[in-house]
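So the chains spell out like this:
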Amino acid sequence: MQPLFDKLIGCKASDFFQQLKNALITEQRMFIVTANPETFKTASQDDDFYHLLVAEETTMVPDGIGIVKAAKMLGFDIEERIPGVDIATQLLQHAQELEKSVYLFGAKPEVIEKMKRLMQERYPQAKLVGTCDGYVKDKDEVFETIAQLKPDVVLVALGIPAQENLIYRHLQSFSKGIIVGVGGSFDVISGTKKRAPKFFIKLNLEWLYRILKEPSRWKRFFKNNWGFILEVRNMKKRG
Ligand code: UDP
């Protein structure tokens, strides 16, 4: 797991958001993975996914507190969480200010409809060049269309690892654009699901709030976090 921790961006979230703005202005291509223990656990069981994460063109940020705590425990210089949902909102805000183009892909049809309305109301200067819900059959075909549109921002909300695998398969077709796998962010941004109250976020308990709201997440949480904690403890012991 060492190379995965090495890949993590360690700066403050606000500095990272500024870097995103600069990347948009200079029309760079960026592929961002927002990592949590599930990301690292998946990588330990799937070689292709591991290679995607450590690839030179991949930018990986610590989304979850589990990753931040583990990184700090192991002596990595990681400042704080950079949550995927905040990256998504910041990019939409930057697109609004810079009048950049945006494509939104993923989530349920009713959620993507709400996102469309929200874009008109909250980010009218951003150019929404297309949307597609995440339950279409041929997602590669959708990505081919997205690449042709050359958007400045592409948010992909399909869940891990599907969103990362799909983006990586098509990355070379993009000459510019910030492309991010944002998990359940559209559900939250559209107001379909509530984000944890500030109190939970401040205490780094957003994960607990999500589980309390959706008890079905327990199994997934336990499965991914338990193995991760054991692995980190072993790494710490090995020094
Ligand atoms: N999703 C999708 N197509 C699928 C499976 C999932 O668009 O075939 C969407 C789902 O509607 C949700 C997101 O992917 O909006 C995954 O959300 P989840 O909360 O599981 O992601 P997390 O933030 O926990 O990574």
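Criteria and thresholds
- Residues numbered from 1 in each chain as written.
- Predicted model: local features only at pLDDT ≥ 70, side-chain atom pairs only at ≥ 80, totals over all residues.
- Heavy atoms only, no water.
- Core = buried A, V, L, I, M, F, W, Y, C linked by side-chain atoms within 4.5 Å.
- Buried < 20%, exposed > 50% of the residue type's maximum accessible area, 1.4 Å probe, protein only.
- Contact = heavy atoms within 4.5 Å.
- Pairing = 2+ DSSP bridges.
- Helix = DSSP H or I, 4+ residues; strand = E, 2+ residues; numbered from the N terminus.
- Axes fitted to C-alpha atoms, helices over the stretch in contact; angles between N-to-C directions.
- Near = heavy atom within 4 Å.
- Polar contact = N/O pair within 3.5 Å; in protein donor to acceptor, adjacent residues only side chain to side chain.
- Areas by Shrake-Rupley, 256 points an atom, 1.4 Å probe, with all protein chains shown as cover.
- Nonpolar A, V, L, I, M, F, W, Y, C, P; charged D, E, K, R; others polar.
- Parallel < 35°, antiparallel > 145°, perpendicular 65-115°, else oblique.
- Left-handed = near helix turned anticlockwise from the far one by under 90°.

- Per an unreviewed UniProt entry, the recorded name for the protein chain is WecB/TagA/CpsF family glycosyltransferase, and the organism is Bittarella massiliensis.

1. Concerning the nonpolar core
So, step 1. Judged by nonpolar contacts, the single largest core of 37 residues is most densely connected at Phe-5, Leu-8, Phe-40, Phe-105 and Phe-143.
So, step 2. Sequence-distant contacts of Leu-8, that is, excluding residues within four places in its chain, are made with Ala-35, Phe-40, Met-60, Val-61, Pro-62, Ile-67, Ala-71 and Ile-78.
So, step 3. Core analysis: the second largest hydrophobic core is formed by 34 residues, Leu-24, Met-30, Tyr-123 and Leu-155 among them.

2. Thoughts on the sheet that holds strand β2 (residues 58–62)
So, step 1. Across the sheet, six strands lie side by side as β2-β1-β6-β5-β3-β4; this open sheet has parallel pairing. Both edges of this open sheet fall to β2 and β4 (127–132), since each of them pairs with a single strand only. Put simply, the sheet's adjacent strands are angled 15 degrees from each other on average, direction ignored.
So, step 2. Two strands pair when backbone bridges link them, and strand β3 (residues 101–106) and β4 are joined in this way by five bridges, in the parallel orientation. Among the inter-strand pairings, Leu-104 is bridged to a residue of β4, identified as Thr-131.
So, step 3. Of the strands in this sheet, β3, β4, β5 (153–157) and β6 (177–181) touch helix α8 (residues 139–149), which is tilted by about 175 degrees from β3.
So, step 4. Its contacts with the sheet place helix α9 (residues 162–170) against β1 (29–35), β2, β3, β5 and β6, and it is angled at close to 150 degrees to β6.

3. Points about the pairing of β6
So, step 1. Within β6, five of the five residues are buried, which leaves the element mostly enclosed by the surrounding structure.
So, step 2. Bridging between β1 and β6 involves four bridges; their strand directions are parallel. Bridge pairing in β6 places Ile-32 opposite Val-180.
So, step 3. Examined bridge by bridge, β5 and β6 share four bridges and lie parallel to one another. Note that in β6 the partner of Val-153 across the bridge is Ile-178.

4. A look at the pairing of β2
So, step 1. For β2, the tally of buried residues reaches five of five residues, placing the bulk of the element in the interior.
So, step 2. In β2, alternate side chains face the same way, and those of Thr-58, Met-60 and Pro-62 on one face and Thr-59 and Val-61 on the other are all buried.
So, step 3. Pairing of β1 with β2 involves five bridges; the strand directions are parallel. The partner of Phe-31 across the bridge, within β2, is Thr-58.

5. Considering the site of the ligand
So, step 1. For the ligand, the set of nearby residues contains 16 residues, the closest of which are Ala-107, Gly-134, Tyr-135, Asp-187 and Arg-217.
So, step 2. Within the backbone of Ala-107, one N or O atom sits 2.9 Å away from an oxygen atom of the ligand.
So, step 3. The side chain of Tyr-135 places a nitrogen or oxygen atom 2.9 Å from an oxygen atom of the ligand.
So, step 4. Against a free-state accessible area of 550 Å², the protein chains account for coverage of 77% of the ligand.
So, step 5. In the shell around the ligand, the residues fall into five nonpolar, five polar and six charged.

6. What to know about the packing of α8 against α9
The relative placement of two packed helices comes down to the angle between their axes together with the axis-to-axis distance.
So, step 1. The interhelical angle for the contact between α8 and α9, taken along N-to-C directions, is 50 degrees, at an axis separation of 10 Å. Comparing their axes, α9 and α8 come out oblique. Considering the relative orientation of α8 and α9, their crossing is right-handed. Residue-level inspection shows Lys-139, Asp-140, Phe-143 and Glu-144 of α8 in contact with α9, the latter providing Leu-166, Ile-167, Arg-169 and His-170.

7. So, the environment of Val-232
So, step 1. Tracing the sequence through the fold places Val-232 in helix α13 (residues 217–238).
So, step 2. A sequence separation of 16 residues divides Val-232 from Ser-216, and the C-alpha atoms of the two residues are 25 Å apart.
So, step 3. Beyond its immediate stretch of four places on either side in the chain, Val-232 contacts Met-1, Phe-5, Ala-70, Met-73 and Leu-74.

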